[in-house]
Amino acid sequence: MREEKSCCYIHEHKDRSEQELRDLLNRLSRIEGQIRGIRGMVERGAYCPDILTQAAAAGAALNSFNKVLLSNHIKTCVARDIREGRDETLDELLNTLQKLMK
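This structure is a prediction, so every number in the text was calculated from the model and none was measured.

## Some remarks on the overall build of the chain
Of regular secondary structure, the chain possesses three helices and zero strands. When its helices and strands are written in sequence order, the chain yields α-α-α. The contacts in the chain between residues at least 6 apart in sequence include a share of 55% that link residues at least 24 apart. Total accessible area on the chain stands at roughly 7,600 Å², and carbon and sulfur atoms take up 55% of it.

Here it is, written out as C-alpha cells:
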C-alpha cells in the first residue's frame, strides 16, 4: 500500500494548484520541443556547434524548470513539514540538492 500524505517527505504524491501544474507542464512542453528540434538537427546533419548551442539552451531550460520546481517544493512541502516538526524533511532536501549538484 502506498503512503500518501499532503506534502513531500517520503510522499509519493503532491497536489499542485492549477497554475503551478500549468506552468510546469508548459515548461516541459517547450523543453520537449527543443529536444525534438535537436534530434531533427542531428538527423539532417546540422553543423556540430549549432547542435551544441541548441543542446545548451535545452539544458538551461531544464535547469530553469528544476529551479522553479525546487522553489515551489521549499515554499510548500518543506516549510509545512518543518512547521509540523518533521525535521527529516531537511535531510530529504539536502539529499535532493546533492543530486542536483552532480
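## Here we look at the packing of helix H1 (residues 18-44) against helix H2 (residues 48-83)
Closest axis-to-axis distance for the H1/H2 pair is 10 Å, and the angle between their directions is 165°. Here H1 lies roughly antiparallel to H2, going by the angle between them. Helix-helix and strand crossings are classified by hand; for H1 and H2 the assignment is left-handed.

## A look at the side chain of Asp 81
The topology assignment puts Asp 81 in helix H2. At 2.9 Å, the side chain of Asp 81 and the side chain of Thr 89 are in polar contact.

## So, a nonpolar patch on the surface
The grouping of Leu 21, Leu 25, Leu 28 and Leu 62 at the surface amounts to a nonpolar patch, some 320 Å² of accessible area in total. A total of three residues in the nonpolar patch trace back to one element, the largest contributor, which is H1. Within the element layout of this structure, Leu 28 appears in helix H1. Under the relative-accessibility criterion, Leu 28 is labelled partly exposed at 31%.

## A word on the environment of Met 41
On the secondary structure map, Met 41 appears in helix H1. Sequence separation between Met 41 and Gln 54 is 13 residues, and the spatial gap between their C-alpha atoms is 9.3 Å. Setting aside residues no more than four positions away along its own chain, Met 41 makes contact with Ala 46, Asp 50, Ile 51 and Gln 54.

## Considering the pattern of salt bridges
Close approach of charged atoms allows side chains of opposite charge to pair. Across all of its chains, the model carries five salt bridges by this definition. Residue Arg 86 pairs with Asp 81 through a salt bridge whose shortest N-O separation is 2.7 Å. Taken together, the salt bridges that share partners define one network made up of Asp 81, Glu 84 and Arg 86.

## Looking at H2
With 36 residues, H2 extends 51 Å from end C-alpha to end C-alpha; this agrees with the ideal 52 Å at 1.5 Å per step. Along H2, the sharpest kink reaches roughly 35°, centred on Ile 74. Residues of H2 that are buried include every one of Ile 51, Ala 58, Phe 65, Val 68, Leu 70, His 73, Cys 77, Val 78 and Asp 81, and no others. Lining the buried residues of H2 we find H1 and helix H3 (88-100). Just downstream of H2, Gly 85 is the residue with a positive phi angle, here 85°.

Definitions and cut-offs
Residues numbered from 1 in each chain as written. Predicted model: local features only at pLDDT ≥ 70, side-chain atom pairs only at ≥ 80, totals over all residues. Heavy atoms only, no water. Helix = DSSP H or I, 4+ residues; strand = E, 2+ residues; numbered from the N terminus. Contact = heavy atoms within 4.5 Å. Areas by Shrake-Rupley, 256 points an atom, 1.4 Å probe, with all protein chains shown as cover. Axes fitted to C-alpha atoms, helices over the stretch in contact; angles between N-to-C directions. Parallel < 35°, antiparallel > 145°, perpendicular 65-115°, else oblique. Left-handed = near helix turned anticlockwise from the far one by under 90°. Polar contact = N/O pair within 3.5 Å; in protein donor to acceptor, adjacent residues only side chain to side chain. Patch = residues over 30% accessible without salt bridge, like charges linked within 9 Å, V, L, I, M, F, W, Y side chains within 5 Å. Salt bridge = Lys/Arg side-chain N within 4 Å of Asp/Glu carboxyl O. Buried < 20%, exposed > 50% of the residue type's maximum accessible area, 1.4 Å probe, protein only. Expected span 1.5 Å × (residues − 1). Bend = angle between axes of the 7 residues up to and from the residue.

Everything listed here is a matter of coordinates, which is why it stays silent on function.
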